[in-house]
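Each chain is listed here by its residues.
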Amino acid sequence: MSVGVLVVSYGSRGVSMVDALCRSSHKTRLFIVDKQKNPFNIERAYEHVVVPDLNVNSISDFAFKHKEEIEFCVVGPEGPVIEGLHDVMLEKTGIPVLCPAKEYAIEASKVEQRELLAECCPSANPRYKVFDPHVDWSLSNVKDNVYEWFGELESQVVVKPDKPGFGKGVGVWGDHFNSKDDYFEYFKSNYESGIVIVEEKIDGEESSFMAYCDGKTLAPFPDTRDYKRAFEGDIGPNTGGMGSYKDVGDHLPFMTPKDREVEEDIVDKIFKQVKGEGRNKGLLGLPFYVAFIHTKDDPKVLEINSRPGDPEIMNIMPALADDYVDLCYAMLEGSLKRVSMKPKATVVTYKVPQSYGGYDKRHPDKVVSHEIGGVVDLSAAYKLVGDGGGLRVFPGSMEVRDNNNYSLKSRTVACVGLGDSIEEAREKSLEGIESIKGGGLWNRGDVASKKHIQNSIAHMKSLRG
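**Observations regarding the side chain of Glu107**
Now for step 1: Here Glu107 shows up in the loop between strand E5 (97-98) and helix H6 (110-120).
Now for step 2: Reaching out from Glu107, the side chain makes a polar contact with the backbone nitrogen of Ser306 at a distance of 3.0 Å.
Now for step 3: Residues in contact with Glu107, not counting those within four places in the same chain, are Glu78, Ile82, Gln113, Pro164, Ile304, Asn305, Ser306 and Arg307.

Set out below in structure tokens:
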């Protein structure tokens, strides 16, 4: 008997979840709601529908038509999570959704995250101040306070809009502005749209911590490292993530086992603070994807998300030792104990359009204008997958038109390499990336490079003396 699963997908993150469902020992029948005609999903869906804005009511209406065939729903993108798909779906169809309820989608507000941390683990909070245009009522009145806080932090500031920026929108001193006036202009551009937090800039190395949850138990995944910046050497604007890696074990090369223990302790405190007494079904799925920064002392929390990381979940899905469908049932039934992983390192590299991250402006001499948004050939990459080379290919911002795959505006395709070491996994990821032709695509070449990792290790040693 088949298991009917509704998948809400957008980009390579959702495709990695579809891939894991297809590799289950259970026979799966997939009903996929997508933002566009993703070629991977179309080939594997029992029924595929495009909802361009991923509106939660439209998704629920589609599910209602098939409610007798669908046992549960899994969600990739953050938009429907924040907009309350969990609640709307249950009310309209009775289908359980493996994502947090709207009340617990704490990535909707960075202010609420800081207040939560202040209650349960204040040492994990950087110093911060909140600037609310509804309270401060005018930009001229708030300017002196913004400059005063800048001085207290000795210019080491980070500017964040309260609402989600979908991996973008954050401004960092030394990267996005280098003078007091430019800092204020960046602040102003966000403040005119809503609440802004100005935090201290923390010196350290970042990791991403994700955990599945059944409402009473957290089952952590291994740590991953995301590459947010557009260009090699970690320069350029923040993007949705140009790639990521995980090691064979639970922690990253620049971390210690104690660092991992402290991460788990912090997230457990957050979980207990949010959960309350007993089992809380509003926290099903992946309610905590926490961005940490490791410092000379204990780690700080940069932000808390309420869904799988993109690209970080792609480091996890291909390396699951557990059956993904069995994990979903364990979360639904409240019987989740732990997540078992294969002893493999994984490296994700994204290939993206020339307009992404401002590459076309930075490298105008390399622009192939006639290929922007053009046809992308994945056949050679799929052959590498078929050869059993430890590779997964996950099309993202791509759609099928006239039997061809066309690149769209965002991250086009991800290649995930699996290996017995980070270096081996990286080689396989890049082999896949280099085999993809057309579309005028480009990628960072230093994701998980030995040099980058050694620099991270040296940085942490320097911080800790």
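**What to know about the packing of aromatic side chains**
Now for step 1: The tally for this structure, following the rule as stated, stands at 18 aromatic pairs.
Now for step 2: With centroids separated by 6.2 Å and ring planes inclined at 75 degrees, the aromatic side chains of Phe271 and Phe288 adopt a geometry described as edge-to-face. One end of the pair, Phe271, is in helix H10 (residues 257-275); the other, Phe288, is in strand E16 (residues 284-294), with 17 residues separating them in the sequence.
Now for step 3: Overall, the relative accessible area of 1% leaves Phe288 in the buried class.
Now for step 4: When the centroid spacing of 4.3 Å and the interplanar angle of 15 degrees are considered together, the rings of Tyr359 and Trp442 count as stacked. One end of the pair, Tyr359, is in helix H13 (residues 359-362); the other, Trp442, is in the loop between strand E24 (437-438) and helix H16 (450-464), with 83 residues separating them in the sequence. The two residues Tyr359 and Trp442 agree in class, both being buried.
Now for step 5: Here the aromatic cluster, defined as three or more aromatic residues joined through ring pairs, consists of Phe131, Tyr147, Phe184, Phe187 and Tyr191.
Now for step 6: Over the face of the ring belonging to Tyr46 we find Arg29, whose NZ or CZ atom lies 4.1 Å from the ring centre.

**Some details on the packing of H6 against H10**
A pair of packed helices can be characterised by two numbers: the angle between their axes and the separation between those axes.
Now for step 1: Where H6 contacts H10, the axes come no closer than 10 Å and their chain directions differ by 100 degrees. Compared by their axis directions, H6 and H10 come out roughly perpendicular. Contact residues: H6 offers Leu116, Leu117, Glu119 and Cys120, while H10 offers Lys269, Ile270, Gln273 and Val274.
Now for step 2: Across the contact of H6 with H10, the residue classes break down as five nonpolar, one polar and two charged.

**Here we look at the side chain of Asn190**
Now for step 1: Considering the arrangement of structural elements, one finds Asn190 in helix H9 (residues 180-191).
Now for step 2: A polar side-chain atom of Asn190 sits 3.2 Å from the main-chain carbonyl oxygen of Tyr186.
Now for step 3: Setting aside anything within four residues of it in sequence, one finds Asn190 in contact with Val159, Pro161, Gly169 and Val196.

**What about the sheet that holds strand E17 (residues 300-305)?**
Now for step 1: What the four strands build is an open sheet, ordered E11-E10-E16-E17; its pairing is antiparallel. This sheet does not close on itself; its edge strands, each paired only once, are strand E11 (218-220) and E17. For this sheet the average axis-to-axis angle between neighbouring strands, irrespective of direction, equals 30 degrees.
Now for step 2: Looking at chain direction, strand E10 (residues 205-214) and E11 are connected through three bridges and run antiparallel. If you follow Ala211 over to E11, its bridge partner there is Pro220.
Now for step 3: Contacts between H10 and the sheet are confined to E10, E11, E16 and E17, with E16 contributing the most and set at about 135 degrees to the helix.

**Some thoughts on the sheet that holds strand E20 (residues 391-395)**
The strands that make up a sheet are held in pairs by hydrogen bonds between backbone atoms, and each pair lies either parallel or antiparallel.
Now for step 1: The sheet built from five strands is open, its strands ordered E12-E15-E18-E23-E20 with antiparallel pairing. A single partner strand is all that each edge strand has here, and the edge strands are strand E12 (225-226) and E20.
Now for step 2: In the sheet, E12 pairs with strand E15 (residues 243-246) via two bridges, with the strands oriented antiparallel. Pairing of Asp226 across the sheet is with Ser244, part of E15.
Now for step 3: Relative to strand E18 (residues 345-351), helix H15 (residues 422-435) is tilted by about 25 degrees, and along the sheet it contacts E15, E18, E20 and strand E23 (413-419).

**A few points about the pattern of salt bridges**
Now for step 1: As enumerated under the stated definition, the model contains 30 salt bridges in all.
Now for step 2: Measuring nitrogen to oxygen at the nearest pair gives 3.2 Å for the salt bridge that ties Arg392 to Asp19. Separated by 373 residues along the polypeptide, Arg392 in strand E20 and Asp19 in helix H1 (residues 11-22) bring together distant segments of the chain.
Now for step 3: By relative accessible area, which is 10% here, Asp19 ends up buried.
Now for step 4: Between Lys428 and Glu424 there is a salt bridge, with the nearest N and O atoms lying 3.1 Å from each other. With Lys428 and Glu424 both in helix H15 and four residues apart, the pair spans about one turn of that helix.
Now for step 5: The class of Glu424 is partly exposed, set by a relative accessible area of 27%.
Now for step 6: Each of Arg13, Glu78, Glu107 and Arg307 takes part in salt bridges that share partners, so that together they form one network.

**Observations concerning the nonpolar core**
Now for step 1: In terms of nonpolar packing, the biggest core is built from 49 residues, with Phe72, Val74, Tyr212, Phe221 and Tyr324 touching the most fellow members.
Now for step 2: For this core, the element with the most residues is helix H12 (residues 324-333), which contributes eight residues.
Now for step 3: If sequence neighbours within four positions are ignored, Tyr324 has contacts with Met17, Ala20, Leu21, Val74, Tyr212 and Met317.
Now for step 4: Core analysis: the second largest hydrophobic core is formed by 24 residues, Ala101, Ala124, Ile270 and Phe271 among them.

**Details of the pairing of strand E14 (residues 235-238)**
Now for step 1: Pairing of strand E13 (residues 229-231) with E14, which is carried by two bridges, proceeds in the antiparallel orientation. Bridge assignment links Arg229 to a residue of E14, and that residue is Asn238.

Rules and cut-offs
Residues numbered from 1 in each chain as written. Predicted model: local features only at pLDDT ≥ 70, side-chain atom pairs only at ≥ 80, totals over all residues. Heavy atoms only, no water. Helix = DSSP H or I, 4+ residues; strand = E, 2+ residues; numbered from the N terminus. Polar contact = N/O pair within 3.5 Å; in protein donor to acceptor, adjacent residues only side chain to side chain. Contact = heavy atoms within 4.5 Å. Phe/Tyr/Trp six-rings, centres within 6.5 Å; stacked < 30°, edge-to-face > 60°. Buried < 20%, exposed > 50% of the residue type's maximum accessible area, 1.4 Å probe, protein only. Lys NZ or Arg CZ within 6 Å of the ring centre and 35° of its normal. Axes fitted to C-alpha atoms, helices over the stretch in contact; angles between N-to-C directions. Parallel < 35°, antiparallel > 145°, perpendicular 65-115°, else oblique. Nonpolar A, V, L, I, M, F, W, Y, C, P; charged D, E, K, R; others polar. Pairing = 2+ DSSP bridges. Salt bridge = Lys/Arg side-chain N within 4 Å of Asp/Glu carboxyl O. Core = buried A, V, L, I, M, F, W, Y, C linked by side-chain atoms within 4.5 Å.

Honestly, it's all geometry; don't read function into it.
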